[in-house]
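Each chain, letter by letter, is given below.
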Amino acid sequence: MALLEVDNIHAYYGKIHALKGVSLTVEKGEVVSLIGGNGAGKTTTLRCISGLIKPTDGSVTFDDDVVADYAAHELVPMGIAMVPEGRGIFSKLTVQENMEMGAFYRNDKEGIKQDMEHGYHIFPRLAERRTQIAGTMSGGEQQMLAMARALMSKPRLLLLDEPSMGLAPVLVELIFDTIRDINQQGVTVLLVEQNAHMALQIANRGYVLQTGEIILSDNAASLRKDPMVQKAYLGID
Amino acid sequence: MNHTSSLSWRSLLNIGLLAGLAIVYTGLIGMIQVFSERGIIAGVLTMGQIMIFLPPLVAGYMAARRSREQGAGRMILNAGLAGLIAAVLPVILVLLIRQLDVMGVDIRSMFVNASKALIDHLTFERGIGPGLAMLVGFMTALGLAGGALMALPERIRQTLITGTTWVIGIGLLSEFMIQILRNLFGNQAGRSIFQAGALKPIPALIIFIVTAGIYYFWQLQGANIRARYARSGEGTKQTFQRTSVGLLGILLLMLPWIVGTFLSEVLANVGLYVLMALGLNIAVGLAGLLDLGYVTNFAVGAYVMGALTSTGPLGLAELNFWIVLPISVLAAMTTGFLLALPVLRMRGDYLAIATLGFGEIIRLLALSDWLAPYIGGAQGILFIPKPHIGSLTIDTPETFYYLILAACFIMLFISIRLNNSRTGRQWMAMREDEDAAGAMGIDTTLAKLLAFTLSAASGGLAGAIFASKLGAIFPHSFSLLISINVLSIIIVGGMGSIPGIVVGALALIGLPELLREFSDYRLLLYGALLIIMMLVRPEGLWPSAVRRRELQSDAAEAAAAD
Ligand SMILES: Nc1ncnc2c1ncn2[C@@H]1O[C@H](COP(=O)(O)OP(=O)(O)OP(=O)(O)O)[C@@H](O)[C@H]1O
Ligand SMILES: [Mg+2]
């Protein structure tokens, strides 16, 4: 059984049918990319997985547990962490306080301390800025903080919603390198991106979402060669 | 942000006219006349005069500040002009009142306070011609003085303002200073310092020199002293902290004895508000839930105490105060919990409006005929007995002060513990960003319920003590004004800050009780104070560290966005 199984889910916002039967799986240890254009339903899919909205039909199963049976905050201790679109950091707290909040449900002081140092090791830029107010940091630094904070909850599945959004190319590269590192340390990653080029480089497999439906799925290398993907998402004619 | 360094004629005109308008407005609503009864320095200065003199001074200061890059000459010119312009509207007012009076038009039917008395105050009782000349002269001079104040180095300016503030503060409270001195040293005490409810000139000067001197010294040496304290060993620090806490404790315990019965009553009322503000602070300051219906909890506590202890016809059980006290608190907490349920999904403004509604509902319920058989409707509940401890009856203001002080300490202890706990961090996360808090695994629903429930406890406690202190309760004691008072205390004191609550309660509840004329204009003064606070000191009088940072980073973001 896969770590995450999304089975034919439907989701509505009022009358808008945002997800029309989306199915995908993420195996333990994988990086899976979900790519698609604006309004395709990528964020909605992640919201269903992290329990923020309940699909009206179909099911999401995480490690044999049905996600819909739990409230969003209960899924964090179970091992799902999400870095939302727009990062959702506590902009008025310091970097350090943000990191501490990330470990909120945990009680193992020693472990938290170790993971904190590990987080600062992965993102050395944050280590220099422990006492800085998070809201005063650059967009890239905030993205790093959001990821580091998500790791503080010791997730087994990390959901990333467009981590490259609004970042300069150098930083995008740095962020994606780090995602790969994090994955190699044992965290399974589901990555939502419009930047298909980068997303398919670090992913094992990928799905293409269009107006609420998965229209393609394959391993990342094949997707990169797919003429439709090249035309629509990689800007290659 | 746009820092204009040169002041246009138009803004100068605006500043001056605004200052004049302030005088005309306070005059027409009768404030200047009422406050003229309150002497600050005997035979020299009244509070009414300060209300005339302050606007041109501030106008001069503002005018000078906004033209400080146009050279000293322009600064002084602008300051003087601002003062002069400030005199225009008051002069017109005086002439208009007199002219209409001569023509036999009765404007007092519209403006009750547009009277001879107002003219007298504005002309210093010197008649129209010389009086108005004096007014114009004074106001121009004050404008210039305001400009000069601006031109002074920051440190000296602050020193002068500090000294003056102390003199005005002590002068305002002369009557009570006299009472305290009499209380401590016998009937003759205070005669050398005070006269006719105001400071004598020489003592006023001494107070000015001493307070300004201390402030100046602290400006020069404060950083050194602080640094030396920071460098001192843990032991020294602990001793210092313990000593100051101990001294504060002794002072609080001796306070009723020092200030006497009347002021003890005032302190007891301030204490009740501190108690409520500590409670509301849990919802508003810690958890960021704007609750405008805090009076609900106060009313529930009071009515439960009234209904269960009253020995009158409405008394349900005639129980003992100490048995009902926890019941009142539990009842308030239950109400807090139940009322939180329907508003769990509301945020910000919507939450504020819904809670505002609850406050009104509870008052109307108390007034209703439906519940009248149990809680008396408009007649309220009478014959609520005083608490006893053994053979001691708590019935004087002094004994109630101790009871309320004890209650405050219990709530204070709980507040501090909560703030530093896991729950406190949960609230902090929720206050900052509810969605992000949820993503951290925080159960925001539970956190909100907890905040509303715990916050209600303190209101219930205050209500219960209030009921037995008064001996009778009526629906009109539980108006919206209570919620407003409590919220204003928190805002003025500094959100989330516990010392701020005490300072805020003393300023907003203590002052109006001491000075009747303040309570007549209570809402106007609240409004003015809140606006001034938001402009000058948005973090409150005594802010908590986190809140200060929040506001600073807000300002930084705003600056960066420009
Ligand atoms: N809160 C909402 N209320 C109503 N409609 C919504 C809401 N959130 C999303 N939608 C709609 O649902 C559809 C899918 O939105 P979603 O945010 O999942 O897209 P997305 O793939 O994440 O797009 P983007 O790349 O722009 O973030 C869109 O048509 C959007 O307008
Ligand atoms: Mg999206």
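These figures come from a predicted structure and were not determined experimentally.

Rules used throughout
- Residues numbered from 1 in each chain as written.
- Chains lettered and ligands numbered in written order.
- Predicted model: local features only at pLDDT ≥ 70, side-chain atom pairs only at ≥ 80, totals over all residues.
- Heavy atoms only, no water.
- Helix = DSSP H or I, 4+ residues; strand = E, 2+ residues; numbered from the N terminus.
- Rg over C-alpha atoms; globule rule 2.2 N^0.38 Å.
- Buried < 20%, exposed > 50% of the residue type's maximum accessible area, 1.4 Å probe, protein only.
- Contact = heavy atoms within 4.5 Å.
- Areas by Shrake-Rupley, 256 points an atom, 1.4 Å probe, with all protein chains shown as cover.
- Lys, Arg positive; Asp, Glu negative; His and termini not counted.
- Charge placed at Lys NZ, Arg CZ, Asp CG, Glu CD.
- Pairing = 2+ DSSP bridges.
- Axes fitted to C-alpha atoms, helices over the stretch in contact; angles between N-to-C directions.
- Near = heavy atom within 4 Å.
- Polar contact = N/O pair within 3.5 Å; in protein donor to acceptor, adjacent residues only side chain to side chain.
- Nonpolar A, V, L, I, M, F, W, Y, C, P; charged D, E, K, R; others polar.
- Donors = N, O, S within 2.8 Å, 3.2 Å for Na, K, Ca; no water.

Novice: Looking at this model, I keep getting lost on the overall build of chain A. Mind explaining?
Specialist: A count of helices and strands for chain A gives ten helices and ten strands. Expected size for 237 residues packed as a compact globule is a radius of gyration near 18 Å; at 17 Å, chain A falls within 12% of this value. Taking the principal axes of its C-alpha atoms as reference, chain A extends roughly 45 × 40 × 35 Å. Here chain A holds 237 residues, and the buried ones make up 54% of them. A sequence separation of at least 24 residues applies to 66% of the contacts in chain A between residues at least 6 apart. Of the roughly 10100 Å² that chain A leaves accessible, carbon and sulfur atoms contribute 48%. In chain A, the 22 positive side-chain charges and the 29 negative ones have mean positions that sit 4 Å from each other.

Novice: What am I meant to see in the sheet that holds strand E3 (residues 31–35) of chain A here?
Specialist: Residues and elements named next belong to chain A. Spatial ordering of the open sheet is given by E6-E7-E8-E3-E9-E10, a layout of six strands whose pairing is mixed. The open sheet terminates on both sides in strands that have one partner only, identified here as strand E6 (80–83) and strand E10 (213–219). Sheet twist, expressed as the mean angle between neighbouring strand axes with direction ignored, is 15°. The pairing of E3 with strand E8 (residues 188–193) spans five bridges and is parallel. Its bridge partner being in E8, Val31 is matched across the sheet by Val189. Against the sheet, helix H1 (residues 42–49) contacts E3, E6, strand E7 (157–161), E8 and strand E9 (205–210), and its axis sits at roughly 150° relative to E7. Its contacts with the sheet put helix H7 (residues 169–184) on E3, E7 and E8, and the angle it makes with E8 is roughly 155°.

Novice: Explain the site of ligand 1 here, please?
Specialist: Residues and elements named next belong to chain A. Neighbouring ligand 1 are 14 residues; Asn38, Lys42, Thr43, Thr44 and Glu85 lie closest to it. In this structure, an oxygen atom belonging to ligand 1 sits 2.9 Å away from a main-chain N or O atom of Gly41. For ligand 1, an oxygen atom lies 2.4 Å from a polar atom in the side chain of Thr44. The fraction of the free accessible surface of ligand 1 (630 Å²) that becomes covered by protein chains is 63%. Of all elements in the fold, only strand E2 (16–26) and H1 reach the threshold of two or more residues within the shell around ligand 1. When residues in the shell around ligand 1 are grouped by element, the largest group, three residues, is from H1. Taken together, the residues of the shell around ligand 1 break down into four nonpolar, seven polar and three charged.

Novice: Can you walk me through the coordination of the magnesium ion (ligand 2) in this structure?
Specialist: Octahedral metal centres with six donors ideally show angles of 90 or 180 degrees, and tetrahedral centres with four donors ideally show 109.5 degrees. Residue and element names in this part refer to chain A. Protein coordination of the magnesium ion (ligand 2) is provided by Thr43 (OG1) and Glu85 (OE), with donor distances spanning 1.8 to 2.6 Å. Here Thr43 is found in helix H1, whereas its partner Glu85 is found in the loop between E6 and helix H3 (95–102), with 42 residues between them in sequence. Judged by its relative accessible area of 24%, Thr43 falls in the partly exposed class. With relative accessibility at 37%, the residue Glu85 sits in the partly exposed group.

Structural measurements only, silent on function.
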